Amino acid sequence: MTDILVLYYSRHGSTRKLAELIATGIDSVPGAQARLRTVPPVSTVCEATAPDIPADGPPYAELRDLEECAGLALGSPTRFGNMAAPMKYFLDGTVAQWLSGTLTGKPACVFTATGSLHGGQETTLLSMMLPLLHHGMLIMGLPYGEKGLMTTASGGTPYGPSHHAHADNRGPVTEDESALALAMGRRLARVALRLDGAGA
Ligand SMILES: Cc1cc2nc3c(=O)[nH]c(=O)nc-3n(C[C@H](O)[C@H](O)[C@H](O)COP(=O)(O)O)c2cc1C
């Protein structure tokens, strides 16, 4: 089986819902399996130590997950139009992987959740691509062949799946948002399987 890393941060669970849908899409492709991982929060005032294993949900990512996986779906809530600090903090710890080209040539996609509909999904998705480009990853989006891109009245963009969670984070993942997240997982898995071992 070829592992594909679905790495996300989620404080209130909205980004996590998208991560699980993308993982389902990945798992639906024969030969591919999703490896769901998250990152711990960061402390602004002093060094806080998170438990090794989160209280619920998938384990925290280790750097070897980046090495072992053939593709990456990276997710974060939108915070002031950008990715959340815990995900940026994790990425800032990947210098050794950048130096050794661990991620070079592997396909990647990005996803996000927001409280408001026009609160920066696209800016977050585009800015999340930047460190992945520095790593030499092959960035993937969603083509307009995916009907949901035209019909959605909530999230779902050509830059990657997204979810409008509303201010209380209780908005359900809509049919279009769900279809686009599943499609992204399938698309990432198919490309990762083709490229795995191809030395792109
Ligand atoms: C510090 C902070 C900044 C935020 N900035 C934005 C923003 O720029 N645009 C927006 O629509 N929502 C913003 N939100 C709301 C989150 O994006 C939204 O609650 C999201 O669904 C949280 O995802 P999660 O449930 O995966 O943690 C912000 C939330 C916080 C705590």
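Parameters and conventions
Residue positions are counted from 1 within each chain, in the order its sequence is given. The model is predicted, so local features are restricted to residues of pLDDT at least 70 and side-chain atom pairs to those at 80 or more, both for listing and for counting; the totals for chains, interfaces and linings are taken over all residues. Water and hydrogen atoms play no part in the side-chain values, which are based on all heavy atoms of the structure. If a single non-hydrogen atom of a residue is within 4 Å of a molecule or strand, that residue counts as near it. Between N or O atoms, a polar contact is any pair within 3.5 Å; within protein, one atom must be a potential hydrogen donor and the other a potential acceptor, and residues adjacent in sequence are included only when both atoms are from side chains. Working definition: helices are DSSP H or I runs of at least four residues, strands are E runs of at least two. Numbering for both runs from the N terminus. Three categories are distinguished: nonpolar for Ala, Val, Leu, Ile, Met, Phe, Trp, Tyr, Cys and Pro, charged for Asp, Glu, Lys and Arg, and polar for the others, with Gly belonging to the last. For every residue, the accessible area obtained with a 1.4 Å probe (protein chains only) is divided by the maximum for its type, and the residue is called buried under 20%, exposed over 50%, and partly exposed between those limits. Any two strands between which DSSP finds at least two bridges are classified as paired. Seen with its strands pointing away from the viewer, a crossover is right-handed when the path leading from the first strand over the helix to the second is clockwise. The residues that make up patches have over 30% relative accessible area and no salt bridge, and they are joined within 9 Å when like-charged or within 5 Å when they are Val, Leu, Ile, Met, Phe, Trp or Tyr. The Shrake-Rupley method, run with a 1.4 Å probe, gives the accessible areas here. Residue values count only the displayed protein chains as cover. A pairing counts as a salt bridge when a side-chain nitrogen of Lys or Arg comes within 4 Å of a carboxyl oxygen of Asp or Glu.

**Q** Can you help me understand the site of the ligand in this one?
**A** Surveying the vicinity of the ligand reveals 18 residues, the closest of which are S10, T15, T78, G119 and N169. Between an oxygen atom of the ligand and a side-chain N or O atom of T15, the distance comes to 2.6 Å. Those elements that place two or more of their residues in the shell around the ligand are α1 (14-27), β3 (72-79) and β5 (107-114). Among the elements that make up the shell around the ligand, the one with the highest residue count is β3 (three residues). Grouping the amino acids of the shell around the ligand by side-chain chemistry returns four nonpolar, 12 polar and two charged.

**Q** Could you clarify how one ought to interpret the pairing of β5 in this entry?
**A** Regular strands place their side chains on alternate faces of the sheet. For β5, the buried fraction is high: eight of the eight residues fall into the buried class. Examined bridge by bridge, β3 and β5 share six bridges and lie parallel to one another. Paired with S76 across the bridge in β5 is T112. Where β5 meets strand β6 (residues 138-139), two bridges bridge the pair, whose relative direction is parallel. Bridge pairing in β6 places A108 opposite I139.

**Q** Explanation requested: the pairing of strand β2 (residues 32-38) in the structure shown.
**A** Sheet topology note: the strand β1 (residues 2-8)/β2 ladder contains seven bridges and is parallel. Of the residues in β2, the one forming a bridge with T2 is A32. Regarding topology, α1 serves as the crossover connection from β1 to the parallel β2, and that connection is right-handed.

**Q** Is there a simple way to think about a nonpolar patch on the surface in this case?
**A** Together, V95, W98 and L99 make up a nonpolar patch on the protein surface, roughly 340 Å² of accessible area in all. Following the sequence through the fold, W98 ends up in helix α4 (residues 95-100).

**Q** What's the story with the pattern of salt bridges in this structure? I'm lost.
**A** Counted by the stated rule, this structure contains nine salt bridges. One salt bridge connects D56 with R16, and the closest N-O pair in it is separated by 3.3 Å. A residue pair is termed long-range when its members are at least 10 positions apart, and D56 in the loop between β2 and α2 (63-68) and R16 in helix α1 qualify at 40 residues. Since its relative accessible area comes to 24%, R16 is described here as partly exposed. A salt bridge links D65 to R35; the shortest N-O distance between them is 2.7 Å. Residue D65 is found in helix α2, and its partner R35 is found in strand β2; the two are separated by 30 residues along the sequence. Residue D65 shares its accessibility class with R35, and that shared class is buried. Among the ionic contacts, a cluster of salt bridges with common partners joins D3, R35, R37, E62, R64, D65 and E68.

Read these as spatial facts, not as claims about activity.
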